[in-house]
Amino acid sequence: PQLGRLLLTGAAGGLGRVLRERLAPFANVIRLSDIADIAPATGAHEEVVPCDLSDKAAVDALVAGCDAIAHFGGVSVERPFEEVLEANIKGVFNLYEAARRHGVKRVVFASSNHVIGFYKQDEHIDAHAARRPDGYYGLSKSFGEDMAQFYFDRWGIETVSIRIGSSFPEPLNRRMMSTWLSYRDLTTLIQKSLFTPDVKHTVVYGMSANRDLWWDNAAAAHLGFVPQDSSEVFRDKVEAQPPVAPTDPNAIYQGGAFTAQGPFGD
Ligand code: NAI
Ligand code: 15L
């Protein structure tokens, strides 16, 4: 393994449970953290450290002794601002402050396509396109990307922000035929993000080699990420679903239904 200790936040989540296994070969020890219950450590190569990302002192202790961080914890869907503020905005600040204090030099940040969700599906964009967040969740990921850039410029901590499309076992609807990222390709992208030298702050779209792509990864060519999978093998299954009305946000915007959430409460 190239790393001593790798911290994985969000380890109890959908991706975290997959990455627990798949990232293990990259480090002697993988430290698994979440606010939710995590399955117990299966051996000396795993450590389980429960933590609320909004708790600054707890995050500081969590990061101590780690060589790199894969930050996958937090609110992962559109929610009221106050929830997003605690887990994602305060959370990402606490994480970078802890990284600075403990000398961690590399972070892989699970950003999201929802930082650019208000682009239309017939628009093609690269990492330099102005961000168009589609909600409080997307805004928090946009803030996380700015946090990553700032901590590189100010403190030299390098980050790859992966704007993940839709990473599930298979694409669940027509929109995901464009946004799908297989677990195998996600793992490769994280590996490239951890070990490519001199990434500074790189923004990369997390998508497999799907037929109808909206995103261009030319600005992240130095990562050498070449996806191996494609949503095409699921096309018949997805197209057997009822058609989506042309007025449905899922058919219009890259962020799909996230563009039409809220208001929350009053
Ligand atoms: P998930 O919701 O299954 O996992 C997120 C985990 O973060 C959960 O286990 C949750 O308990 C934990 N968490 C929430 N608040 C926390 C807090 N205050 N302190 C500590 N832990 C907290 O989401 P999933 O799908 O596994 O996504 C993982 C990451 O990847 C998230 O950051 C998400 O925004 C990002 N992402 C995922 C995509 C996907 O297609 N699965 C697409 C784009 C981004
Ligand atoms: C995300 O950011 C979410 O975390 C995930 O649950 C999916 O909704 C994904 O985006 C998507 O856009 O499909």
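Refer to the structure above for everything that follows.
Cut-off values and rules
- Residues numbered from 1 in each chain as written.
- Chains lettered and ligands numbered in written order.
- Predicted model: local features only at pLDDT ≥ 70, side-chain atom pairs only at ≥ 80, totals over all residues.
- Heavy atoms only, no water.
- Salt bridge = Lys/Arg side-chain N within 4 Å of Asp/Glu carboxyl O.
- Buried < 20%, exposed > 50% of the residue type's maximum accessible area, 1.4 Å probe, protein only.
- Helix = DSSP H or I, 4+ residues; strand = E, 2+ residues; numbered from the N terminus.
- Contact = heavy atoms within 4.5 Å.
- 1 Å grid on protein atoms, 1.4 Å probe; cavity = no way out; pocket = protein on both sides within 12 Å on 5 of 7 lines; lining within 4 Å.
- Points joined across faces, edges and corners; volume = space filled by probe spheres on them.
- Nonpolar A, V, L, I, M, F, W, Y, C, P; charged D, E, K, R; others polar.
- Core = buried A, V, L, I, M, F, W, Y, C linked by side-chain atoms within 4.5 Å.
- Near = heavy atom within 4 Å.
- Polar contact = N/O pair within 3.5 Å; in protein donor to acceptor, adjacent residues only side chain to side chain.
- Areas by Shrake-Rupley, 256 points an atom, 1.4 Å probe, with all protein chains shown as cover.
- Sits in = over half its atoms within 2 Å of the grid points.
- Axes fitted to C-alpha atoms, helices over the stretch in contact; angles between N-to-C directions.
- Left-handed = near helix turned anticlockwise from the far one by under 90°.

By the definition in use, this model includes 19 salt bridges. Residue E83 pairs with R79 through a salt bridge whose shortest N-O separation is 2.9 Å. The exposure class of E83 is partly exposed, given its relative accessible area of 35%. In this structure, R163 and E145 form a salt bridge, with 2.8 Å as the shortest nitrogen-oxygen distance. With R163 in strand β7 (residues 158-164) and E145 in helix α4 (residues 136-155), this residue pair connects regions lying 18 residues apart in the sequence. Each of the two residues, R163 as well as E145, counts as buried. Through salt bridges with shared partners, one network takes in R211, D212, E232, R235 and E239.

Residue classification places E145 among the buried positions, given a relative accessible area of 1%. Sequence-distant contacts of E145, defined by excluding residues within four places in its chain, comprise F109, S111, V115, R131, S161, R163, H201 and V203.

Right, let's get into the layout of surface pockets. Of the pockets and cavities examined, the largest pocket occupies roughly 720 Å³. Elements represented by at least two residues in the lining of the largest pocket include exactly α1 (14-22), β5 (106-112) and α4. A per-class count over the lining of the largest pocket returns 15 nonpolar, 19 polar and 3 charged. Around the second largest pocket, the lining is made up of 14 residues, and of these H128, Q149, H201, T202 and V203 lie nearest the centre.

Attention now moves to the nonpolar core. L8, L23, F72 and I190 are the most contacted members of the largest nonpolar core, which totals 33 residues. Elements represented by at least two residues in this core include exactly β1 (3-9), α1, β2 (27-33), β4 (68-71), β5, β7 and α6 (183-195). Apart from the residues lying within four places of it in its own chain, the contact partners of L23 are L6, L8, I30, A70, T187 and I190. I69, A98, A99 and M147 belong to the second largest nonpolar core, which has 20 residues in total.

Moving on, we get to the site of ligand 2. Surveying the vicinity of ligand 2 reveals the residues S76, S112, N113, H114, Y137, G165, S166, F168, R175, M176 and F258. At a separation of 2.6 Å, an oxygen atom of ligand 2 approaches a polar side-chain atom of Y137. Considering ligand 2 on its own, with 320 Å² of exposed area, one finds that the protein chains cover 82% of that surface. A molecule is said to occupy a pocket when more than half its atoms come within 2 Å of that pocket's grid points, and by this definition ligand 2 occupies the largest pocket. By residue class, the composition of the shell around ligand 2 is 4 nonpolar, 6 polar and 1 charged.

Turning our attention to the packing of α1 against α6. In contact at an axis separation of 11 Å, α1 and α6 are set at 65° when each is read in the N-to-C sense. Note on packing geometry: the crossing formed by α1 with α6 is right-handed. For the pair α1 and α6, the contacting residues are L15, V18, L19 and R22 in the first and Y183, R184, L186, T187 and I190 in the second. Each residue belonging to the contact of α1 with α6 can be placed in one class, and the counts come to 6 nonpolar, 1 polar and 2 charged.

In the vicinity of ligand 1, 26 residues are found, and the nearest of them are L15, D34, S76, Y137 and S167. At 2.7 Å, a side-chain N or O of S76 approaches an oxygen atom of ligand 1. Within the side chain of K141, a nitrogen or oxygen atom sits 2.9 Å from an oxygen atom of ligand 1. Judged by the proximity of its atoms to the pocket grid, ligand 1 belongs to the largest pocket. Ranked by residues supplied to the shell around ligand 1, first place goes to β5 with 3 residues. Tallied by class, the residues present in the shell around ligand 1 amount to 12 nonpolar, 11 polar and 3 charged.

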